Amino acid sequence: MSIEEFLEEWNNASPYVHVQTSGSTGAPKPMLVEKRRMLASARRTNDFLGLRQGDTALLCMSLDYIAGKMMVVRALERGLRLVPVVPSGHPLGLSGASPGTEIDFAAMVPMQVYNSLQVPEERERLRKIRHLIIGGGAIDEAMADELKEFPHAVWSTYGMTETLSHIALRRLSGPEASEWYTPFPTVQVSLNDEGCLVIDAPEVCVERLETNDIAELKHVAFRILGRKDNVICSGGIKIQAEEVERQLRPYLRVPYLISKRKDNKFGEVVVLLTEGSIEEARETCERTLPKYHQPRHYLHVAQIPLTETGKPARQEAEQLAKK
């Protein structure tokens, strides 16, 4: 979708906008969301970040998804100067924003930030962004450590299509850096009987939203441990796929993903997909992981399956693991 097409839909007589989910846990599905709720979400973010009319906002994500649409709505709500670039893995590279453009506000996915950090010129431009929000996927410890030294505000966001972008943020840069997300004042969170996060955000959601994200609460803050869908029940032990991935991050530098497959003896077993050497992955897992977290199977793949928004395509990975 182009900006012109989105603005045509935004300015028509309908109170709704069409969006679709990202497809990280299944096939993308279409949704109708109210424009007034999108405006409320945009106002909340603009107020929190202290954005002002005339500030420059970089649009580097696809308008097919809520993250890209909300950047345009934030610009409309606050009178920001929008700088659109073709969505790519290098939004600050040669095909991205002009080197002379000062950027006050940008939203990126972790892959875009990772790529920018690898190129000195792009890394320096990234450091100059006054407010950078990162969403749509997990941020590993190495990236978090590098961003902690950034001079300006860098935030990890928590949200989804149903919440019209994020409802909570955690600081990644400076002395306030934390692994705990703080919800906006109008948002309340709790846990259901399965330990999954429940969101009550009346400004953006008509009803309370029960997520599949297993979380831990501390006062009004929360942190995400993993998705309920990604729990591997192996021999009576529940293993969180994301937790195993976190344990391996300091040791495995090639792309990898933890998945599962059914097993007659254990019910389910851990499977590791890797773009690198199976022998190296096995040696690393046996050396660094608890016995019950170690994969029973290893699979070399040409590319770790990802969704269009750069998130792990867990269902596709599970299909590969079955083979």
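Just so it is clear, the structure is predicted and the values come from calculations on it, not from any experiment. (Residues numbered from 1 in each chain as written. Predicted model: local features only at pLDDT ≥ 70, side-chain atom pairs only at ≥ 80, totals over all residues. Heavy atoms only, no water.)

(A) Structural view of the packing of aromatic side chains. Considering all chains together, one arrives at 6 aromatic pairs under this definition. Seen in terms of ring centroids, Tyr158 and Phe222 are 5.2 Å apart; in terms of plane orientation they differ by 80 degrees. Their pairing is edge-to-face. In this pair, Tyr158 sits in strand E7 (residues 153–160) while Phe222 sits in strand E13 (residues 221–227), placing the two residues 64 residues apart along the sequence. The buried category is assigned to Phe222, whose relative accessible area is 0%. Ring-pair connections join several aromatic residues into one group, and the members of that group are Phe48, Trp155 and Phe184. Lying across the ring of Phe150, Arg127 places its NZ or CZ 5.3 Å from the centre. The ring of Trp155 carries the charged tip of Arg171 above its face, separated from the ring centre by 5.1 Å. (Phe/Tyr/Trp six-rings, centres within 6.5 Å; stacked < 30°, edge-to-face > 60°. Helix = DSSP H or I, 4+ residues; strand = E, 2+ residues; numbered from the N terminus. Buried < 20%, exposed > 50% of the residue type's maximum accessible area, 1.4 Å probe, protein only. Lys NZ or Arg CZ within 6 Å of the ring centre and 35° of its normal.)

(B) Quick peek at the pattern of salt bridges. Inspection of the entire model under this criterion finds 19 salt bridges. A salt bridge links Glu216 to Arg223; its shortest N-O distance comes to 2.8 Å. Arg314 serves as the salt-bridge partner of Glu245, at 2.8 Å between the closest nitrogen and oxygen. Here Arg314 lies in helix H9 (residues 314–322) and Glu245 lies in helix H7 (residues 241–248), a separation of 69 residues in the sequence. By relative accessible area, which is 15% here, Arg314 ends up buried. (Salt bridge = Lys/Arg side-chain N within 4 Å of Asp/Glu carboxyl O.)

(C) Structural detail: the sheet that holds strand E3 (residues 56–59). Spatially, E4-E3-E5-E6-E7-E8-E9 is the arrangement adopted by the 7 strands of the open sheet, whose pairing is mixed. Two strands bound the open sheet, and with one partner strand each, they are strand E4 (81–84) and strand E9 (182–183). Sheet analysis places strand E5 (residues 105–108) next to strand E6 (residues 131–134), joined by 4 bridges and oriented parallel. Its bridge partner being in E6, Ala107 is matched across the sheet by Ile133. Seen against the sheet, helix H2 (residues 35–49) touches E5, E6, E7 and strand E8 (165–171) and runs at an angle of roughly 20 degrees to E8. (Pairing = 2+ DSSP bridges. Contact = heavy atoms within 4.5 Å. Axes fitted to C-alpha atoms, helices over the stretch in contact; angles between N-to-C directions.)

(D) Geometry of the pairing of E3. Side chains Thr56 and Leu58 of E3 all project onto a buried face; the interleaved residues Ala57 and Leu59 project onto the opposite face, where all are buried too. Where E3 and E4 come together, 4 bridges link them in parallel fashion. Residue Leu58 lies in a different strand from E4, and its bridge partner there is Val83. As a crossover connection, the stretch from E3 through helix H3 (residues 66–78) into E4 is right-handed. Pairing of E3 with E5, which is carried by 2 bridges, proceeds in the parallel orientation. Paired with Leu58 across the bridge in E5 is Ala106. (Right-handed = clockwise from strand over helix to strand, strands pointing away.)

(E) Here's a closer look at the nonpolar core. Counting residues in each nonpolar core, the largest one holds 66 residues, and the members touching the most others are Met38, Leu58, Met108 and Leu126. The element best represented in this core is H3, accounting for 6 residues. Those residues within four positions of Met38 in sequence are excluded, and the remaining contacts are Trp10, Val17, Val33, Ile66, Lys69, Met70, Val73 and Leu164. Val244, Leu248, Cys285 and Leu289 belong to the second-largest nonpolar core, a separate cluster that totals 14 residues. (Core = buried A, V, L, I, M, F, W, Y, C linked by side-chain atoms within 4.5 Å.)

(F) Broad picture of unusual backbone geometry. Not every positive phi belongs to a glycine, and Leu164 is a case in point at roughly 55 degrees. Non-glycine residue His219 carries a positive phi angle of around 60 degrees. On the secondary structure map, His219 appears in the loop between strand E12 (209–218) and E13.

(G) Representation of the side chain of Asn46 within the structure. Structurally, Asn46 is set in helix H2. Excluding anything up to four places from it in sequence, Asn46 contacts Leu51, Arg74, Glu77, Arg78 and Leu80.

(H) Region of interest: the sheet that holds E12. Read from one edge to the other, the open sheet built from 4 strands follows the order E10-E11-E12-E13, with strand pairing classed as antiparallel. Edge positions in the sheet fall to strand E10 (188–191) and E13, since each has one partner strand and no second. On average, adjacent strands in this sheet sit at an angle of 55 degrees to one another, irrespective of strand direction. Two strands pair when backbone bridges link them, and E12 and E13 are joined in this way by 6 bridges, in the antiparallel orientation. Each bridged residue has a counterpart across the sheet, and for Asp213 the counterpart in E13 is Arg227.

(I) Fine view of the packing of H2 against H3. Following both chains from N to C, one finds H2 and H3 inclined at 75 degrees, their axes separated by 9 Å at the closest point. What the angle tells us is that H2 and H3 run roughly perpendicular. When H2 is examined against H3, the residues Met38, Leu39, Ser41, Ala42, Arg43, Thr45, Asn46 and Asp47 are found in contact with a partner set consisting of Ile66, Lys69, Met70, Val73, Arg74, Glu77 and Arg78. (Parallel < 35°, antiparallel > 145°, perpendicular 65-115°, else oblique.)

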